[in-house]
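Report on the structure
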Amino acid sequence: MEIIRKRSPGILLAFIIAAIAWQLGKWAPIVGSPVFGILIGMIIATWQRPKYFDAGINYTSKKLLKLAIILIGFNMNLVHVLAVGRQTLVLMFFTLSATFLTAYLAGRWLKIERNANILIGVGTAICGGSAIAATAPVIDADDSEVASAISTIFLFNVIAAFAFPAMGHFFGMTDHFFGLWAGTAINDTSSVVAAGYAYSSTAGDLAVIVKLTRTLMIIPVTLVLAIYQSKKDAASHKISVKGIETEMHSGSYHLVSIFPWFVLGFLAAAFLNTVVEPMWEGWIPAAHQLAVLGKFMIVMAMAAIGLNTHLGKLVRNGIRPLILGFTTWVVLAVVSILVQVTLQF
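My aim in this report is to walk through the structure given alongside it, one point at a time. Everything quoted here is computed from the prediction, not taken from an experiment. (Residues numbered from 1 in each chain as written. Predicted model: local features only at pLDDT ≥ 70, side-chain atom pairs only at ≥ 80, totals over all residues. Heavy atoms only, no water.)

In this section: the overall build of the chain. On a plain count of helices and strands, the chain comes out with 17 helices and 2 strands. Every one of the 345 residues in the chain was classed for burial, and the buried ones make up 49%. Sequence-distant contacts in the chain: of pairs separated by 6 or more residues, those separated by 24 or more amount to 79%. By element, 70% of the accessible surface of the chain is carried by carbon and sulfur atoms, the whole surface being about 16,800 Å². (Helix = DSSP H or I, 4+ residues; strand = E, 2+ residues; numbered from the N terminus. Buried < 20%, exposed > 50% of the residue type's maximum accessible area, 1.4 Å probe, protein only. Contact = heavy atoms within 4.5 Å. Areas by Shrake-Rupley, 256 points an atom, 1.4 Å probe, with all protein chains shown as cover.)

Between helix H6 (residues 114-127) and helix H11 (residues 201-215), whose axes approach to 8 Å, the crossing angle comes to 140°. When the interaxial angle is binned, H6 and H11 end up oblique. Here Thr124, Ala125, Ile126 and Cys127 of H6 come into contact with H11, specifically with Lys211, Arg214 and Thr215. Across the contact of H6 with H11, the residue classes break down as 3 nonpolar, 2 polar and 2 charged. (Axes fitted to C-alpha atoms, helices over the stretch in contact; angles between N-to-C directions. Parallel < 35°, antiparallel > 145°, perpendicular 65-115°, else oblique. Nonpolar A, V, L, I, M, F, W, Y, C, P; charged D, E, K, R; others polar.)

What follows is about unusual backbone geometry. For lysine 111, which is not a glycine, the phi torsion comes out positive at approximately 60°. When its relative accessible area of 67% is taken as the criterion, lysine 111 is described as exposed.

Core analysis: the biggest nonpolar cluster contains 78 residues, and Leu119, Ile126, Val146 and Met302 have the highest contact counts within it. The element that contributes the greatest number of residues to this core is helix H15 (residues 283-307), accounting for 13 residues. Beyond its immediate chain neighbours, meaning those up to four positions away, leucine 119 contacts Ile132, Thr135, Ala136, Ile139, Ala141, Glu145, Val146 and Ala149. Core analysis: the next-biggest nonpolar cluster, separate from the first, contains 18 residues, Met173, Ala182, Trp329 and Ala333 among them. (Core = buried A, V, L, I, M, F, W, Y, C linked by side-chain atoms within 4.5 Å.)

Across the interface, helix H8 (residues 143-170) lies against H15 with an axial gap of 8 Å and an inter-helix angle of 115°. It follows that H8 is roughly perpendicular to H15 by the angle criterion. Pair H8 / H15 crosses with left-handed handedness. Of the residues in H15, those in contact with Asp143, Val146, Ala147 and Ile150 of H8 are Met302, Ala304 and Ile305. (Left-handed = near helix turned anticlockwise from the far one by under 90°.)

Our next topic: the environment of methionine 167. Topologically, methionine 167 is positioned in helix H8. Residue methionine 167 is classed as partly exposed on the basis of its relative accessible area, which comes to 32%. Between the C-alpha atoms of methionine 167 and phenylalanine 178, which are 11 residues apart in sequence, the distance is 9.7 Å.

Taken together, the side chains of Leu155, Ile159, Ile319, Leu322 and Ile323 make up a nonpolar region of the molecular surface, amounting to roughly 380 Å² of accessible area. Of all the secondary-structure elements, those providing two or more residues to the nonpolar patch are H8 and helix H17 (320-343). Looking at the element boundaries, isoleucine 159 is found in helix H8. (Patch = residues over 30% accessible without salt bridge, like charges linked within 9 Å, V, L, I, M, F, W, Y side chains within 5 Å. Salt bridge = Lys/Arg side-chain N within 4 Å of Asp/Glu carboxyl O.)

In a regular helix each residue adds 1.5 Å, so 14 residues correspond to 20 Å; H6 covers 19 Å between its end C-alpha atoms and thus fits that length. Counting buried residues along H6, 13 of its 14 residues qualify, which places the element largely inside the surrounding structure. Two residues or fewer after H6 comes glycine 128, characterised by a positive phi angle close to 60°. (Expected span 1.5 Å × (residues − 1).)

Okay, the packing of aromatic side chains next. Enumeration according to the criterion identifies 14 aromatic pairs in this entry. Summarising the aromatic geometry, the rings of phenylalanine 15 and phenylalanine 296 are spaced 5.4 Å apart at their centres and angled 65° between planes, so their arrangement reads as edge-to-face. Taken together, the positions of phenylalanine 15 in helix H1 (residues 2-27) and phenylalanine 296 in helix H15 put the pair 281 residues apart, joining distant regions of the chain. A relative accessible area of 42% places phenylalanine 15 in the partly exposed class. (Phe/Tyr/Trp six-rings, centres within 6.5 Å; stacked < 30°, edge-to-face > 60°.)

For the rest of this paragraph, the subject is the pattern of salt bridges. The full count for this structure, using the stated rule, is 1 salt bridge. Notably, a salt bridge pairs aspartate 54 with arginine 49, separated by 3.1 Å at the nearest N-O pair. Looking at arginine 49, the relative accessible area reads 15%, which means it is buried.

Next comes the structure, spelled out in structure tokens:
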């Protein structure tokens, strides 16, 4: 009961912000509720809040975020994802590889902090805010790094929603070609939906399926990052002997302790949704409500992250994250087109 009492004020504050952001997201879906949540949180963060909010805000931004990712899995149907076909997976292999490589090289050249570099790369390559939210706890990213990455990704989401249909018509793309392009090269689901259906109904349907397939890439990517993070932590850790800290080096690590179990929960939810859906008609609305709850909880987590973010630090980061986001986004879009043309999708 004491833990609940300590966490309640912060959780309630994040809930109120999320409720407002949720409604704003319905009015402006191109922007999206998570972005509104983090922006409102950042504005309120300028107020010197009482300390009793901290426990609940920290709990929401970390623990509640993981539960939200699991619930999002109820929006996935593995049969539909697999039906997209071998060619789409080949396309994703090339686009994701090119994006991650570009993020690594450009990030080092721009001297961007490691976590921010990873978050922007993952957010661009996979699925925007959801991928950033899933990756952040794995690499121990702080709230300001998450806020910076989401703000960067958001800018190019908005640009893509308007620019992609115009470019598609200009280059005379077919519905199939544009659907694949939008599904692999636009970051956030809301922007994929906006751009895809603005082009045509057929392009929109394909773009959404491709986007859902791309979302599943969260699983292998977070597992690889978890193993990498554990090796990095094990390579150099400190122990205290009679008050004196000494460096210890080890090549071993414990996979169980760093395994991102919430990602396994995400996969289990998607599997359950796939198995139960054809057997029970009433499952579909139930699964949909669980997924909606997960999306709302993500907005709560983004609000909490905003509440822990200081605008001054984001301003000091300057233009470098934007350059990284723009570079990775352009590479992703261009490689998607080149692979489609080369392999004649």
